[in-house]
Amino acid sequence: MTAHWVGFAALAIFGFAYALVMAEEFTQLRKSKPVILAAGLIWALIGIVYAGHGMNYAAEMAVRHNLVEYAELMLFLLVAMTYINAMSERNVFEALRSWLIEKGYGLRKLFWITGVLAFFISPVADNLTTALLMCAVVMAVGGENSKFVLVACINIVVAANAGGAFSPFGDITTLMVWQKGIETPQGGIGFGSFFALFIPALVNWLLPAAIMSMSVPNVQPRGGGKVVVMKRGARRIIALFLLTIATAVGYHNFMYLPPVIGMLTGLAYLQFFGYYLKKTVYREYGMTSRQFRTECSHDEQLGSLPAFDVFNKIARAEWDTLLFFYGVVLCVGGLGFIGYLAKASELMYGDWGATNANIAIGILSAIVDNIPVMFAVLTMMPDMSTGQWLLVTLTTGVGGSLLSIGSAAGVGLMGQARGKYTFFGHLNGHCSCGRPGS
């Protein structure tokens, strides 16, 4: 159907939907809406053609395959987001933020500290969460110094994207490659394979950071903040999250089960611990169980205070992002079913060669977003070595740093540091940060 009107219509629908996604900053239209609609329209067109030729089961099997791909990704991310929200509710990130502010570091030192933390936290907490946390620190101490906030935000985006590239938990694209269970002549691409990207990812952040740091004045910022103490159970939730990661890796590496099964098992750890926190909530007030019940009977406000609830953390997940992934997976899957991805694979990996194709895909990910680009590559499934698969993982992971709209971290910071970190500010910052005093 690549030369059929349905194929052309599907391309036009996807192109228009993605134009709306890229214009989210200006239209304020949530990015999930256009791609969900586009996915439905593309598969409706495919279904009409195949049903008309008595081949309705072929389209049904194809769309079910894409739904399974999405379900694994969504449930994996849902558990990770739940843990991140639980740690946020227990003041883990606020405590880190207040500690950094309390230290009273100079702007240049803060520039490097937030960059280092973004690089090393993102492999565990994902690049978006890490970028938002570090941006909150920069905004708190940078104040009205818009130039510092801009340069520090660019540094955070680059560091978070680079740090996320060498861990399946740091970036969606790396997670997608790991979950796919790709086999190459050199062996399977397991969890540990991605750590080979550590040095390239580190260089990818350090080089721009060293140049940008020249424009950061070494002055003491104004301001401070109150000391934030983590709530009861915060450290144990961090430990459970690390145990959940170990469980997912163990399920995949040793039992050859999808990593999402290990993640959902890890969600049960948090559910049981949440039950324990709820039953022992009186300890947060320094009381015994009997004293707490007595106080609650006399003080309605105390009795109505919300207890820890795992399902509240699930409800606070980034549902717009999760639904956006649904639309992307189904749209790209539809274009692949029509035959466009096979043609693109033949052109890029057949004519250009794997190295040139993977570099071009990294640049493209800055414009289109790395999620659909990586899903397209995985749908093409070109015959590549382990090194080439790691290369495309790196380029799609860090390629989004070229533009502020190229990654979730950049898009998130545009909302958080509105007016200070912008699309054109990101471009201008790249161009001018090497000049001291700019």
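Residues numbered from 1 in each chain as written. Predicted model: local features only at pLDDT ≥ 70, side-chain atom pairs only at ≥ 80, totals over all residues. Heavy atoms only, no water.

Counting secondary structure elements, the protein chain contains 22 helices and two strands. Taken over C-alpha atoms, the radius of gyration comes to 23 Å for the protein chain, in line with the 22 Å a tight globule of 438 residues would show. On the principal axes, the C-alpha backbone points of the protein chain span a range of 75 × 60 × 45 Å. The 438 residues of the protein chain split such that 52% are buried. Taking contacts inside the protein chain between residues at least 6 apart in sequence as the whole, the part at least 24 apart equals 79%. Total accessible area on the protein chain is roughly 19,800 Å²; 64% of this is exposed by carbon and sulfur atoms. Of the side-chain charges in the protein chain, 28 are positive and 23 negative, and the distance between the mean point of each set is 11 Å. (Helix = DSSP H or I, 4+ residues; strand = E, 2+ residues; numbered from the N terminus. Rg over C-alpha atoms; globule rule 2.2 N^0.38 Å. Buried < 20%, exposed > 50% of the residue type's maximum accessible area, 1.4 Å probe, protein only. Contact = heavy atoms within 4.5 Å. Areas by Shrake-Rupley, 256 points an atom, 1.4 Å probe, with all protein chains shown as cover. Lys, Arg positive; Asp, Glu negative; His and termini not counted. Charge placed at Lys NZ, Arg CZ, Asp CG, Glu CD.)

Turning our attention to the pattern of salt bridges. This structure, assessed with the given rule, holds five salt bridges. Ionic pairing is found between Glu-89 and Lys-231, a salt bridge with its closest N-O pair at 3.4 Å. One end of the pair, Glu-89, is in helix α4 (residues 56–89); the other, Lys-231, is in the loop between α10 (198–213) and α11 (234–253), with 142 residues separating them in the sequence. It is possible to trace a salt-bridge network through shared partners that takes in Glu-89, Arg-90 and Lys-231. (Salt bridge = Lys/Arg side-chain N within 4 Å of Asp/Glu carboxyl O.)

For the rest of this paragraph, the subject is the packing of aromatic side chains. Tallying each qualifying case throughout the model produces 19 aromatic pairs. With a centroid separation of 5.1 Å and an interplanar angle of 80 degrees, the aromatic rings of Phe-119 and Phe-120 are classed as edge-to-face. When its relative accessible area of 46% is taken as the criterion, Phe-120 is described as partly exposed. These aromatic residues form a ring-pair network of at least three members: Phe-76, Phe-111, Trp-112, Phe-119, Phe-120, Phe-166, Trp-178, Phe-191, Phe-195, Phe-198 and Trp-205. The positively charged end of Lys-31 is found above the aromatic ring belonging to Phe-324, 5.8 Å away from the centroid. (Phe/Tyr/Trp six-rings, centres within 6.5 Å; stacked < 30°, edge-to-face > 60°. Lys NZ or Arg CZ within 6 Å of the ring centre and 35° of its normal.)

This part covers unusual backbone geometry. Although it is not a glycine, Asn-91 adopts a positive phi angle of roughly 70 degrees. Locating Asn-91 in the fold gives a position in the loop between α4 and α5 (92–103). Backbone geometry at Met-381 places phi at a positive 50 degrees, although glycine is not the residue there. Here Met-381 is to be found in the loop between α19 (370–380) and α20 (386–399). Given the relative accessible area of 36%, Met-381 is considered partly exposed.

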